[in-house]
Amino acid sequence: MVQQDWLEALKGAATMDVALTRKEKTTMVEKAHITILLSLGDKVLRQVSKETTTMSLWSKLESLYKTKSLVNRLYLNQAIFYSSQLFEFSMASDTIINKTDHIENKDRLSDLPDSVLLHILSFMKTTQYAVQTCILSKRWKNLWKQFSTLTLHSEWFETLEFFIKFVSHLLFLRDQGIALHTLKLYLSHQQSIEPHLFERILKYVVPCNVKRLILLLRCDIPHFPTSLLSCQTLTSLAFCVYPRLYGKQKILFPNSLNLPSLTKLDLAFVTFNGGTEPFSSCPRLTKLRIICFDILGEQNLCISSTTLVKLTLRIHCEPKNGNTIELYTPSLRTFAFIGTPFKMLQASQLSSVEHIKIDAYFGRHDAEAPTILLSWLLELANIKILTVSSNTLQALSLVPDLLKVKLHSLRNLKKLRVKMKKIDYELSKALIKRNLAQMPVMSEEEVAKLIVEFFLQNSPSVEVCYLRGEMCIRKDGVIEQFYQMMIGIKRSIALEHFC
């Protein structure tokens, strides 16, 4: 505040230098107000939330913390090292410095170059913590304005209102001359953001040449944001924006996504127009994941890409119009499928794939799914690695006379990985019904080993590995983390409403 000559603003525009214009006074007061708010923690913000002017805000802070009580002194000491990560680094640095210098008591951390300090701050959980280091000293005052990575999560704020204010002030004060490498924007599943604010955030990041964008939030927008379509620098996009009400239609995806630099794309809760090739205009796309999607119209969805190497699909509900997915992906090497097998996908289109991951489960009316799953396996001729969940093996056991089927595929199989997991509820009901008619009842492990032997008809020397724990198909991915959070909501609503 002193360095920027904003002290006069604390007393209001009426007491400021008469040589200043009205606009200059207003700007100075607003900047002082925003700077103070950005320096406060959530607990303090709650205490001053009713103060609307800079002068009243400062007066309130003085009344709260200017006294020399022990409580206030302890609170201020805690505020100086608001981030425990920065505190630990500072202590570690002091320990090293003290080994060579026992006399001089100097803030060596602040002497480090900006690039080093910014790298240190990038390890903090959220940008909120990093911004609050501006109160450490003049050296740190404007450092946060150079952040190239912004991680914004509403769960670190007491209310959504505080979070939105923080984001607005952050974008207003950040140095727009610094390229924005990554923006991660998360909202808790019970919260939602207004469309105009969401659009404002996107219009800010696109001109900053953002490269990595992660959006996990609830917002009522009918179409995919047009502002993103002009982002020529974007290399990685995770787009999971779902409506406030579960019954509403998912966001309509564009017929063509013209992002020349995009290499990795995660999509969830979107609707595609049938008869389109939305990914054919992404010449560098190598990884694609699509979760919980719909297809409009009578025509099929075409996933066409000569560069695509890895494809992940999570399918819950069969398309209403009987649409299918057509694949034109000659470079595809890894395919992961989670959900219920439907006729919308033909395994013959996966001829180039070498690694298949399948985690199959079933709903109430999916009697044909086990047979469809078997038909996929019968067509997989070139795969070298097969990863399946125990649920998948249990589902295959529902195929009538399975062990009599001659398996002519899987001749090139080198590794078979079976991930044991808790049986899906609907699948368990189907197994119970079957076991009532066929005795004796086999255990989960016995069924798994029996189906594995079925797989090894043509590849007896395959390396077989049994793994305990949940099926983990890119468990580290942000979309997968979000989906696991959504599972808790899904349990309390009907599956068809969720899909």
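A quick note: this is a predicted structure, and the numbers were derived from the prediction, not measured. The numbering scheme is per chain: residues are counted from 1 as the chain's sequence reads. For this predicted model, a pLDDT threshold of at least 70 governs which residues receive local features, and a threshold of 80 or more governs which side-chain atom pairs are given and counted, while totals over whole chains, interfaces and linings are taken from all residues. Heavy atoms throughout the structure, all of them, feed into the side-chain values; hydrogens and water do not.

Peer 1: What exactly am I supposed to notice about the confidence of the model for the protein here?
Peer 2: One rule of thumb: low pLDDT means the predicted coordinates there are not for detailed reading. Confidence of the predictor at the level of single residues is captured by pLDDT, which takes values from 0 to 100. Scored by pLDDT, the protein has a mean of 76; 77% of the residues are at 70 or more. Whether two residues are in contact is decided by their heavy atoms, any of which lying within 4.5 Å being enough. Low pLDDT, under 50, characterises residues 436-440; the predicted model gives this stretch 0 contacts beyond four residues in sequence or across chains. Within the model, the stretch residues 470-499 combines pLDDT values under 50 with 71 contacts to residues more than four positions away or in other chains.

Peer 1: Honestly, the sheet that holds strand 9 (residues 294-296) in this entry has me stumped. Any pointers?
Peer 2: In a beta sheet, neighbouring strands pair by backbone hydrogen bonds and run either parallel or antiparallel. Reading across from one edge, 5-7-9 is the order of the 3 strands in this open sheet, with parallel pairing throughout. In the strand order of this sheet, the two ends are held by strand 5 (251-252) and strand 9, each with one partner. Here, any two strands with at least 2 DSSP bridges between them count as paired. A run of H or I in DSSP becomes a helix once it reaches four residues, and a run of E becomes a strand once it reaches two; helices and strands are each numbered from the N terminus. As paired elements, strand 7 (residues 270-273) and strand 9 share 3 bridges and run parallel to each other. Opposite Thr271, over in strand 9, you have Asp294 as the bridge partner.

Peer 1: Hey, could you run me through the nonpolar core in this one?
Peer 2: Most often, soluble globular proteins have nonpolar side chains that are buried together. Core analysis: the biggest nonpolar cluster contains 127 residues, and Phe198, Phe239, Phe279, Leu416 and Phe455 have the highest contact counts within it. Looking at this core, the element that brings in the most residues is helix 8 (residues 160-173), giving 7 residues. In this structure, Phe198 is in contact with Ile193, Leu215, Leu217, Cys219, Ile221, Pro225, Phe239 and Val241, ignoring residues within four places of it in sequence. Counting 10 residues, the second-largest nonpolar core is a separate cluster that includes Leu216, Tyr242, Phe269 and Ile291. The definition of a nonpolar core used throughout is a set of buried Ala, Val, Leu, Ile, Met, Phe, Trp, Tyr and Cys residues joined through side-chain atoms within 4.5 Å. Exposure categories follow from relative accessible area, calculated using a 1.4 Å probe and restricted to protein chains: below 20% of the type maximum is buried, above 50% is exposed, and the middle band is partly exposed.

Peer 1: Teacher, can you tell me more about the packing of aromatic side chains here?
Peer 2: By convention here, two paired aromatic rings are described through the distance between centres and the angle between planes. Between rings of Phe, Tyr and Trp, where Trp is taken as its six-membered ring, a pair exists when centres lie within 6.5 Å; planes separated by under 30 degrees are stacked, by over 60 edge-to-face, and by other angles tilted. On inspection of all chains with the given rule, the structure shows 11 aromatic pairs. With centroids separated by 4.8 Å and ring planes inclined at 50 degrees, the aromatic side chains of Phe224 and Phe239 adopt a geometry described as tilted. Placement of Phe224 in the loop between strand 3 (212-218) and strand 4 (236-242) and of Phe239 in strand 4 is noted, with a sequence separation of 15 residues between them. Take Phe224 and Phe239: they sit in the same class, and that class is buried. Measuring from ring centre to ring centre gives 6.1 Å for Phe454 and Phe455, while their planes differ by 45 degrees; the resulting arrangement is tilted. A relative accessible area of 4% means that Phe454 is categorised as buried. One aromatic cluster is present, built from ring pairs that chain together Phe224, Phe239, Phe253, Phe272, Phe279 and Phe293.

Peer 1: In this structure, what is going on with helix 9 (residues 195-205)? I would like to understand it.
Peer 2: One turn of an α-helix holds 3.6 residues; hence residues three or four places apart share an orientation. Taken together, the buried positions of helix 9 are occupied by Leu197, Phe198, Ile201, Leu202, Tyr204 and Val205. Taken around the axis of helix 9, the buried residues stretch over an arc of 160 degrees, which confines them to a single face. Seen from the open side of helix 9, the exposed residues pointing more than 90 degrees away from its buried face are His196 and Lys203. On its buried face, helix 9 is in contact with helix 8, strand 2 (182-186), strand 3 and strand 4. This arc is taken over the directions from the axis of the helix to the C-beta atoms.

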